[in-house]
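Residues per chain are reported as follows:
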Amino acid sequence: MNKTGLVRRQSHLAVLVFPDETSVFQAYRLLHYHGVSPEHLAIVGEGYSNPEHVGLLKPMQLATRKAKAFSILAGTIGAIAGFALFLVSTLHSIGLSGIQPILLAPAFAVVGGFTGAVIGGLFGLFGEGTTASIYRHHVDRGQYLLMIEGPDRIVRWGQEVLSHYATSRL
């Protein structure tokens, strides 16, 4: 833990796009030669790993996952808030005109769940979904991705090694 109390991210990721199989494989071999272990490398493209295997889901899949997660979270918070309002209204005899206090928890849960689903879907689609769709577009065009994942020092070292070599030389 650092001074702020937040846990630092343990794994970092760099994604590089290559125009053809030859150049991506040469970059892979170059990184391996310079000490980057194959367990930290992945080639994505025809004949290698597919995008789903390395976590590059389709934007709608990401949006659906985020929508479900946010819906469950917001629905739970809504149910707790509704139950708390129910308790307050029954204990203090607050008159909620025309509303049955027992229906507050389910109503807040439904509204919270729906709101969470919409917000989560938007975050998934326009957040992570945008990045994933850019990389998937490159793969769909026949290009290749070289992914370096691991501790910060390994990812930085891999980027430094590749920065010393122009893609035309690879």
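Refer to the structure presented above.
In short, a report on the structure. All values reported here derive from a predicted model rather than from experimental measurement.

So, on to a nonpolar patch on the surface. Together, Phe114, Val118, Leu122 and Phe126 make up a nonpolar patch on the protein surface, roughly 440 Å² of accessible area in all. Inspection of the secondary structure puts Phe114 in helix H3 (residues 104-140). You can call Phe114 exposed: its relative accessible area is 60%.

Helix length check: helix H4 (residues 152-163), at 12 residues, gives a terminal C-alpha distance of 16 Å against a target of 16 Å (1.5 Å per residue), a fit within 8%. Residues of H4 that are buried include every one of Ile154, Val155, Gly158, Val161 and Leu162, and no others. Across the axial projection of H4, the buried residues extend over an arc of 125°, all falling on one side. Summarising the geometry of H4, the exposed residues directed more than 90 degrees from the buried face are Arg153, Arg156 and Ser163. Looking at the buried residues of H4, the elements they touch are strand S1 (12-18), helix H1 (21-33) and strand S3 (144-150).

A few words now on the pairing of strand S2 (residues 41-44). Looking down a regular strand, the side chains alternate between one sheet face and the other. Here S2 shows no split at all, with Leu41 and Ile43 on one side and Ala42 and Val44 on the other all buried. One ladder, built from 4 bridges, connects S2 with S3; its direction is antiparallel. Paired with Ala42 across the strands is Met147, a residue of S3.

This part takes up the packing of H1 against H4. Running from N to C, H1 and H4 point in directions that differ by 120°, and their axes come no closer than 10 Å. As the angle between them shows, H1 and H4 are arranged oblique. The two elements H1 and H4 cross, and the hand of that crossing is right-handed. Each of Ala27, Leu30 and Leu31 in H1 lies in contact with H4, whose residues at this interface are Gly158, Val161 and Leu162. Residues that form the contact of H1 with H4 fall into these classes: 5 nonpolar, 1 polar and no charged.

Moving on, we get to the environment of Leu103. Along the chain, Leu103 turns up in the loop between helix H2 (59-91) and H3. Along the primary structure Leu103 and Phe86 are separated by 17 residues, whereas in three dimensions their C-alpha atoms are 8.3 Å apart.

Let us now look at the packing of aromatic side chains. One pass over the full model with this rule turns up 4 aromatic pairs. With 6.1 Å between their ring centres and 35° between their planes, Phe83 and Phe86 make a pair best called tilted. Here the residue Phe83 and the residue Phe86 both occupy positions in helix H2, the gap between them amounting to 3 residues, near one helical turn. Under the relative-accessibility criterion, Phe83 is labelled partly exposed at 44%. Since its relative accessible area comes to 18%, Phe86 is described here as buried.

What counts and how
Residues numbered from 1 in each chain as written. Predicted model: local features only at pLDDT ≥ 70, side-chain atom pairs only at ≥ 80, totals over all residues. Heavy atoms only, no water. Patch = residues over 30% accessible without salt bridge, like charges linked within 9 Å, V, L, I, M, F, W, Y side chains within 5 Å. Areas by Shrake-Rupley, 256 points an atom, 1.4 Å probe, with all protein chains shown as cover. Salt bridge = Lys/Arg side-chain N within 4 Å of Asp/Glu carboxyl O. Helix = DSSP H or I, 4+ residues; strand = E, 2+ residues; numbered from the N terminus. Buried < 20%, exposed > 50% of the residue type's maximum accessible area, 1.4 Å probe, protein only. Expected span 1.5 Å × (residues − 1). Arc of directions from axis to C-beta. Contact = heavy atoms within 4.5 Å. Pairing = 2+ DSSP bridges. Axes fitted to C-alpha atoms, helices over the stretch in contact; angles between N-to-C directions. Parallel < 35°, antiparallel > 145°, perpendicular 65-115°, else oblique. Left-handed = near helix turned anticlockwise from the far one by under 90°. Nonpolar A, V, L, I, M, F, W, Y, C, P; charged D, E, K, R; others polar. Phe/Tyr/Trp six-rings, centres within 6.5 Å; stacked < 30°, edge-to-face > 60°.

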